[in-house]
Amino acid sequence: MSIAQFYSQILEQAENAIIIVNENDDIVFFNGNAERLWGRSRSTVQGADISLLMPPLKDDQQTQLPNQSGIGLLVGHYVELPIERPNHTRVWAEISVSRIEITGHILYLIIARNITLHKVHKALRQHVLQVMANTESLQEVLNLLCQEINRIAPEISVTIARLNSDGRLNTLAAPGFPSEYISQTNNIEIGPQSSSLGLAAFRGEPVVVRDIENDSNWTVGKHEALRLGYKACWAVPVKAQDSNVIGILAFYYRVCRRPNKLHTQLAEVATSLCMLAMEQAQSRARIHHLAFFDNLTNLPNRSLLHVRAGQAIAQAVRDRTQLAVLFIDVDRFKQVNDSLGHPAGDALLCIVAERLREAIREVDILCRYSGDEFVIVLTQCDSVHASDLAGRLLAVLSAPCQVGEVPLFPACSIGISLFPEDGQDMDTLIHAADMAMYQAKQKGRNCFSFFSGQLNLLARERFALESALREALETNRLKLYYQPQVNIETHLLHGIEALARWNDPQFGYISPARFIPLAEKCGLINYLSQWVLNEACRQLAQWRQHGFTVPSVSVNLSPSDFHNLKLPQYLEAILRSHGLLPGDLLIEITEGVLMDSNPNAMRTVNEIHALGVRLSIDDFGTGYSSLAYLRSLPVDELKLDQSFVHDLVHDKSTRALTNAVIHISDSMNLVAVAEGVEHSTQRNLLKAQGYQVVQGNLFSPPLPPEEFEKWLDKNISFTQWK
Ligand code: C2E
Ligand code: MG
Ligand code: MG
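Structural notes, computed from the coordinates. Just so we're clear, the structure is a prediction, and the values are computed from it rather than from any experiment. (Residues numbered from 1 in each chain as written. Chains lettered and ligands numbered in written order. Predicted model: local features only at pLDDT ≥ 70, side-chain atom pairs only at ≥ 80, totals over all residues. Heavy atoms only, no water.)

A word on the coordination of the magnesium ion (ligand 3). Surrounding the magnesium ion (ligand 3) are the protein donor atoms Asp618 (OD), Asp619 (OD) and Glu675 (OE), which sit 1.9 to 2.4 Å from the metal. Taken in sequence order, the residues that donate to the magnesium ion (ligand 3) follow the motif D-D-x55-E. In this model, the magnesium ion (ligand 3) sits 4.1 Å from the magnesium ion (ligand 2), the two metals being bridged by aspartate 618. Within this pair, whereas aspartate 619 is found in strand 24 (residues 614–620), its partner glutamate 675 is found in strand 26 (residues 671–675), the two being separated by 56 residues in sequence. (Donors = N, O, S within 2.8 Å, 3.2 Å for Na, K, Ca; no water. Helix = DSSP H or I, 4+ residues; strand = E, 2+ residues; numbered from the N terminus.)

The next thing to look at is the packing of aromatic side chains. One pass over the full model with this rule turns up 14 aromatic pairs. Here phenylalanine 177 and tyrosine 230 contribute two aromatic rings whose centre-to-centre distance is 5.2 Å and whose plane-to-plane angle is 25°, an arrangement assigned as stacked. Note that phenylalanine 177 is positioned in the loop between strand 7 (168–173) and helix 7 (179–185) and tyrosine 230 in the loop between helix 9 (222–227) and strand 10 (232–239), a separation of 53 residues in sequence. By relative accessible area, which is 7% here, phenylalanine 177 ends up buried. Through successive ring pairs, a cluster of aromatic residues spans Phe177, Tyr181, Tyr230 and Tyr252. A cation over an aromatic ring shows up here: arginine 254 above the ring of tyrosine 230, its NZ or CZ 4.5 Å from the ring centre. Here arginine 302 stacks its cationic end above the ring of tyrosine 369, 4.0 Å away from the centre of that ring. (Phe/Tyr/Trp six-rings, centres within 6.5 Å; stacked < 30°, edge-to-face > 60°. Buried < 20%, exposed > 50% of the residue type's maximum accessible area, 1.4 Å probe, protein only. Lys NZ or Arg CZ within 6 Å of the ring centre and 35° of its normal.)

For the magnesium ion (ligand 2), the full set of protein donor atoms is Glu497 (OE), Asn556 (OD1), Glu588 (OE) and Asp618 (OD), and the range of their distances to it is 2.0 to 2.3 Å. We note that the donor set of the magnesium ion (ligand 2) lies within a single chain, spaced as E-x58-N-x31-E-x29-D.

Attention shifts here to the sheet that holds strand 11 (residues 245–253). The sheet built from 6 strands is open, its strands ordered 8-7-6-11-10-9 with antiparallel pairing. Two strands bound the open sheet, and with one partner strand each, they are strand 8 (188–189) and strand 9 (207–209). Sheet topology places strand 7 next to strand 8; 2 bridges connect them, and they run antiparallel. Considered in strand 8, the bridge of leucine 169 is made with isoleucine 188. Those strands touched by helix 6 (residues 138–152) are strand 6 (157–163), strand 7 and strand 11, and its axis lies near 150° from that of strand 6. (Pairing = 2+ DSSP bridges. Contact = heavy atoms within 4.5 Å. Axes fitted to C-alpha atoms, helices over the stretch in contact; angles between N-to-C directions.)

Next up on the list: the pairing of strand 2 (residues 27–30). Pairing of strand 1 (residues 17–22) with strand 2 involves 3 bridges; the strand directions are antiparallel. Across the sheet, isoleucine 19 pairs through a bridge with phenylalanine 30, a residue of strand 2. Hairpin connection of strand 1 to strand 2: 4 residues between the antiparallel strands, including aspartate 25 at a positive phi of 65°.

In this section: empty space enclosed by the protein. Under the definition given, this model contains 3 cavities of 30 Å³ or more. Empty space within the largest cavity amounts to approximately 150 Å³. Looking at the largest cavity, it is lined by 15 residues, and the ones nearest its centre are Thr171, Tyr181, Thr185, Leu197 and Tyr252. Sorting the residues of the lining of the largest cavity by element identifies strand 6, strand 7 and helix 7 as the ones contributing at least two each. A per-element tally of the lining of the largest cavity places helix 7 first, with 3 residues. Here the residues of the lining of the largest cavity sort into 10 nonpolar, 5 polar and no charged. (1 Å grid on protein atoms, 1.4 Å probe; cavity = no way out; pocket = protein on both sides within 12 Å on 5 of 7 lines; lining within 4 Å. Points joined across faces, edges and corners; volume = space filled by probe spheres on them. Nonpolar A, V, L, I, M, F, W, Y, C, P; charged D, E, K, R; others polar.)

Another aspect to go through is the sheet that holds strand 14 (residues 373–379). Read from one edge of the open sheet, 5 strands run 13-14-12-17-18, paired in mixed fashion. With partners counted over all chains shown, the strands left at the sheet margins are strand 13 (365–370) and strand 18 (448–450), one partner each. Geometrically, the sheet is characterised by an average inter-axis angle of 20° between neighbouring strands, direction not taken into account. Pairing geometry for strand 12 (residues 323–330) and strand 17 (residues 412–419), over 8 bridges, is antiparallel. Among the inter-strand pairings, valine 325 is bridged to a residue of strand 17, identified as serine 417. With respect to the sheet, helix 11 (residues 302–319) is in contact with strand 12, strand 13, strand 14 and strand 17, its orientation differing from that of strand 13 by roughly 140°. In this fold helix 13 (residues 342–359) packs onto strand 12, strand 13 and strand 14, with an angle of close to 5° to the strand it touches most, strand 14.

This part is about the site of ligand 1. The full set close to ligand 1 counts 22 residues, and Arg501, Asp618, Gln642, Glu678 and Asn697 are the nearest of them. For ligand 1, the protein covers 81% of the area, taking 790 Å² as the surface of the free molecule. Its atoms largely coinciding with the cavity grid, ligand 1 occupies the second largest pocket. Elements represented by at least two residues in the shell around ligand 1 include exactly strand 20 (492–504), helix 17 (512–521) and strand 24. In terms of residues, the shell around ligand 1 owes the most to one element, strand 20, which gives 4 residues. Looking at the shell around ligand 1, its residues break down into 8 nonpolar, 7 polar and 7 charged. (Near = heavy atom within 4 Å. Areas by Shrake-Rupley, 256 points an atom, 1.4 Å probe, with all protein chains shown as cover. Sits in = over half its atoms within 2 Å of the grid points.)

Glancing now at the side chain of arginine 355. Mapped onto the fold, arginine 355 is located in helix 13. Despite being buried, arginine 355 has no salt bridge partner; glutamate 358 is the closest side chain of opposite charge, sitting 7.2 Å away. Setting aside anything within four residues of it in sequence, one finds arginine 355 in contact with Val396, Leu397, Ser398, Ala399, Pro400, Cys401 and Pro410. (Lys, Arg positive; Asp, Glu negative; His and termini not counted. Salt bridge = Lys/Arg side-chain N within 4 Å of Asp/Glu carboxyl O.)

On the secondary structure map, threonine 297 appears in the loop between helix 10 (261–292) and helix 11. Within the structure, the side chain of threonine 297 is placed 2.5 Å from the side chain of aspartate 294, a separation counted as a polar contact. Among residues more than four places away in sequence, those in contact with threonine 297 are Leu349, Cys350, Ala353, Arg357 and Arg368. (Polar contact = N/O pair within 3.5 Å; in protein donor to acceptor, adjacent residues only side chain to side chain.)

See below:
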């Protein structure tokens, strides 16, 4: 063998395609791999110009290398070039060119490598990723992926399925497969006896079925696949980043065969793209869930309610049908939270949510509106159906349940509004249902109530009044009046009661019987009470400075004031700031405070007593506190309710009752005060029964401070009371 033959043998057997070109760009050597890459035999290219094998070079490459021409342009570069084969297929090659000089002759050595697969991957990835960035539909992305694979390798038909949490495969993309095949093979359970898809998902590794017909493990959908002409199938699991199987990519073939190298490489890219698309869809779904569902109960939240309810209203308008909105509030939920703790409160809410969910139809919209409030929108529903359902809901919701160890008897109040009568949009309808719910609560809880125009009017008025009260408090427009309590034995002033007065520029005089409950409802009561306490103490201190003898002042507080554990501290600070002693102040509480289940209430009462501030039970006789209970309380005074004083003269049994009260208070060492005394006959009867302290218009109505001073001056001897 000549030396030339020896070297040409080496070049012939090299792994890459090798071409040698002379200085005239003529091909002088073309090895076997070059034949395969270009799809041409060496006899057809030998002696031809190299431009036969390569596309014209780009302009920019020419300008970069001005002194070169032809193949010399590529010396020292790696270039990726498309190669058009004579059979019209196209492959990609990476080419490097070296310039060789032998005995004054110039030769070019071209080494080329087939990079088609790499190129295909890149293009596939780029295309699918682009679509992923532009669409939210997982199906659309996966369908495109299947089609792209099929375009690159037309011998494969591709399907992609998602593995659901119930262990079933749900087909997401199967372009080219008839819909009945998809529905027949959809939802197949994974396992050792399934199809190659089910088995691959079950094992978590690829499964090749060369011959579907004779595969004993392939049980589900076999005939359907064969009927479509598929003979082989290769299933590859799609795994999430945590390695769990989340889907299956399947290649179907029309001949019995195994996947080739191109198929494995396509599967590799495709599964990673599937993983990306599926995980992206999953996180999108998670974000959607977080944005539109309540975390605790898994019910739609307000935002979703508004979207769905808006659609429901539009539908109702189109169909000219009615629609009902139910506003449901759990009765005494706060008590469950306060006494059993928040986890118990949460558990109760979940129970209520579940019961509601079970009670409504698919088409109805249920949402957790906030805290312990739920809203249901009933489509195609009139007032009869709405009240039927509300009644049923009350029954279902009030079934006893167990939270931890504690048996609970839940109850709810429901307000109902109707579209279109009570509002044209969801906000108005919900507001109306809320108002109706409020009325249901007032009717006595565990019942439902329909919204009415009258209710609306009242609610508006209440709202306006609420704002006015807020303003009155802020601008110090509230006043305190004082009513004397007289000792009819000693004829001395026993004490005075401070009573709040509100004269509003817009609404005129508003009785405390109206604005005190309003302040309680709208959360202003603590603020109001603090103002009253401070003002009463300030006034008392001022009178004493001015030489008036006022033994003490009584202030009325509301039950919810006693939920505030800082109240004793506050009282102490007020007394100190006005230079008063605890004995100068008397707090009037109603029996409601004593019956309050809030554990703070009794603690506050006891701490106030410990300060030395006296406590009085107001409106005594109208509540339900037992005598035994009364005995255990740190009270100093009983105020006989004015209704008894009113009936005293004409009603024997009332007289027996007032007689009993004075005996009780005597035996318990309490001061008894009779209030609402308007006539001397009442005073005489009370005096005869042993009452010493009386309060009422007979002596003086509640007076503003300056009037009260005049009254004090005039009545200093108190002789006319004898
Ligand atoms: P109360 O504490 O039982 O006050 C006694 C009520 O009887 C007062 O009504 C008083 O004006 C009225 N009254 C006094 N003498 C007579 C009389 O001879 N005949 C009649 N018919 N009534 C008489 P007022 O001022 O309208 O207060 C009503 C209720 O509002 C009070 O009942 C008290 O529960 C509440 N209230 C008044 N001021 C305050 C306050 O500053 N804070 C709180 N929390 N409640 C207050
Ligand atoms: Mg009172
Ligand atoms: Mg009273």
